[in-house]
Amino acid sequence: MATTGQWFVGKSVIVTGGGSGIGRATARRFGEEGARVCVADLNLESAQKVAADIVAKGGDAFACQVDVAEEADNERMVAETVKRHGGLDVAFLNAGYGGWPVDLLEGDVAEFDRIIAINLRGCYLGMRSVMRSIRSGGAVVATASIGGLMGVSFNAAYAASKHGVIGMVKSFAEAFAVKGVRINALCPGAVATAMTGYPDGDLGLSGDALPMVEFKGRAAPEYMAESVLFMASNRAAGMTGSYMVVDAGQTSNLSRPK
Ligand SMILES: NC(=O)c1ccc[n+]([C@@H]2O[C@H](COP(=O)([O-])OP(=O)(O)OC[C@H]3O[C@@H](n4cnc5c(N)ncnc54)[C@H](O)[C@@H]3O)[C@@H](O)[C@H]2O)c1
């Protein structure tokens, strides 16, 4: 893997949803770059495994159990990170829930509430807790989706939640520019993770199952991690209140065959 220079050495980083998929790949990359990583997830066991992986490779990490939909959990996650690391420099607010395909008229409203609670309320609460403590010059990346740019008729709640994440990023970016903190969103296309049924991020499977024929294999979460590290580093110093689409061309062309 290419390094991003010395930017993350000794930096204090939080990754939510760090126990699996995009969060796991990104937490590992931050660890490789010398960051001190708080691997936060609802699933403590998976977070502990990722933290142990990072430590086994000579890095610095600890696991934290958090439900991002709960204000007190977000506050505790940030407080524990600040206590252990002496501050906070980067947050990757990535935890999310995909939900299930539901009929627009018949779908269960409780499922709508759950998606909004985790993806949108979770992003809002995470931003609030992080912005109270993050150091000047720091960076936040939130995971939206190409479903934050386009409708998803079989999962309107998911599309609405991810459109909301982009709105949140733009709103916080403007408000906290004065603190010197950059805030951006990642918009992945389909990525091979537990959410899409490929928990091991298998490169071969992802190419066959997802609509990126020419870029077979580029749906792996590691491709997302590289873009997150870019947005969190000073190489993206000119970028805030914005988003990066990383979808291997999925949304690039109206004539792309389905
Ligand atoms: N996989 C895709 O195709 C895809 C595409 C676009 C966007 N995304 C987004 O990427 C992010 C990561 O998803 P992934 O694909 O890596 O899925 P994943 O299922 O592999 O990982 C999601 C992680 O979030 C954790 N999580 C769920 N609810 C939580 C909560 N309330 N509090 C704390 N942690 C919680 C899960 O335990 C899990 O470890 C999500 O925001 C998702 O919406 C995924």
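This report concerns the structure included in the present document. (Residues numbered from 1 in each chain as written. Predicted model: local features only at pLDDT ≥ 70, side-chain atom pairs only at ≥ 80, totals over all residues. Heavy atoms only, no water.)

This part covers the overall build of the chain. When helices and strands are counted, the chain shows seven helices and seven strands. Within the chain, the proportion of its 258 residues that are buried is 50%. Summarising the internal contacts of the chain: among those between residues at least 6 apart in sequence, 69% fall at separations of at least 24. Of the roughly 11,800 Å² of accessible surface on the chain, 55% is carried by carbon and sulfur atoms. (Helix = DSSP H or I, 4+ residues; strand = E, 2+ residues; numbered from the N terminus. Buried < 20%, exposed > 50% of the residue type's maximum accessible area, 1.4 Å probe, protein only. Contact = heavy atoms within 4.5 Å. Areas by Shrake-Rupley, 256 points an atom, 1.4 Å probe, with all protein chains shown as cover.)

The next subject is the site of the ligand. Around the ligand sit 26 residues in total, of which Ser20, Asp41, Tyr158, Val191 and Thr193 are the nearest. The side chain of aspartate 67 places a nitrogen or oxygen atom 2.9 Å from a nitrogen atom of the ligand. Within the complex, the protein chains bury 91% of what would otherwise be the 830 Å² of accessible surface of the ligand. The residue inventory of the shell around the ligand, partitioned by class, reads 13 nonpolar, 10 polar and three charged. (Near = heavy atom within 4 Å. Polar contact = N/O pair within 3.5 Å; in protein donor to acceptor, adjacent residues only side chain to side chain. Nonpolar A, V, L, I, M, F, W, Y, C, P; charged D, E, K, R; others polar.)

Under the criterion given, the structure shown has 10 salt bridges. Across the salt bridge formed by glutamate 33 and arginine 29, the nearest N and O atoms sit 3.1 Å from each other. Accessibility expressed as a relative area gives 5% for glutamate 33, which makes it buried. Of the charged contacts in the structure, one is a salt bridge between glutamate 75 and arginine 132, with a shortest N-O distance of 2.7 Å. With glutamate 75 in helix H3 (residues 71-85) and arginine 132 in helix H4 (residues 109-133), this pair connects stretches of sequence that are 57 residues apart. (Salt bridge = Lys/Arg side-chain N within 4 Å of Asp/Glu carboxyl O.)

Applying the stated rule across the entire model yields zero disulfides. As a non-bridged cysteine, cysteine 38 has cysteine 64 as the owner of its nearest cysteine sulfur, 4.6 Å distant. (Disulfide = S-S within 2.5 Å.)

We now examine the packing of H3 against H4. At a closest axis distance of 9 Å, the pairing of H3 and H4 adopts a crossing angle of 35°. Regarding H3 and H4, the two cross each other, and that crossing is right-handed. The residues of H4 that touch H3, namely those facing Glu71, Asn74, Glu75, Val78 and Val82, are Gly122, Leu125, Gly126, Arg128, Ser129, Val130, Arg132 and Ser133. Residue classes in the contact of H3 with H4 are distributed as four nonpolar, five polar and four charged. (Axes fitted to C-alpha atoms, helices over the stretch in contact; angles between N-to-C directions. Left-handed = near helix turned anticlockwise from the far one by under 90°.)

A few words on the packing of helix H1 (residues 21-32) against helix H7 (residues 221-232). For the pair H1 and H7, the least separation of the axes is 8 Å and the interaxial angle reads 55°. By the angle class used here, H1 and H7 are oblique. Judged by the twist between their axes, the crossing of H1 over H7 is right-handed. Contacts between H1 and H7 involve Gly21, Ile22, Ala25, Thr26, Arg29 and Phe30 on the former and, on the latter, Pro221, Glu222, Met224, Ala225, Glu226, Val228, Leu229 and Ala232. For the contact of H1 with H7, the residue count by class is nine nonpolar, two polar and three charged. (Parallel < 35°, antiparallel > 145°, perpendicular 65-115°, else oblique.)

Let us look at the packing of aromatic side chains. For the coordinates displayed, the defined rule picks out three aromatic pairs. Taking the centre distance of 5.0 Å and the plane angle of 85° together, the rings of phenylalanine 8 and phenylalanine 30 count as edge-to-face. Of the two residues, phenylalanine 8 is situated in the segment before strand S1 (12-16) and phenylalanine 30 in helix H1; the sequence distance between them amounts to 22 residues. Here phenylalanine 8 falls in the buried class, since its relative accessible area comes to 0%. A centroid spacing of 6.3 Å and a plane angle of 70° characterise the contact between tyrosine 124 and phenylalanine 172, whose relative ring orientation is edge-to-face. In this pair, tyrosine 124 sits in helix H4 while phenylalanine 172 sits in helix H5 (residues 156-176), placing the two residues 48 residues apart along the sequence. (Phe/Tyr/Trp six-rings, centres within 6.5 Å; stacked < 30°, edge-to-face > 60°.)

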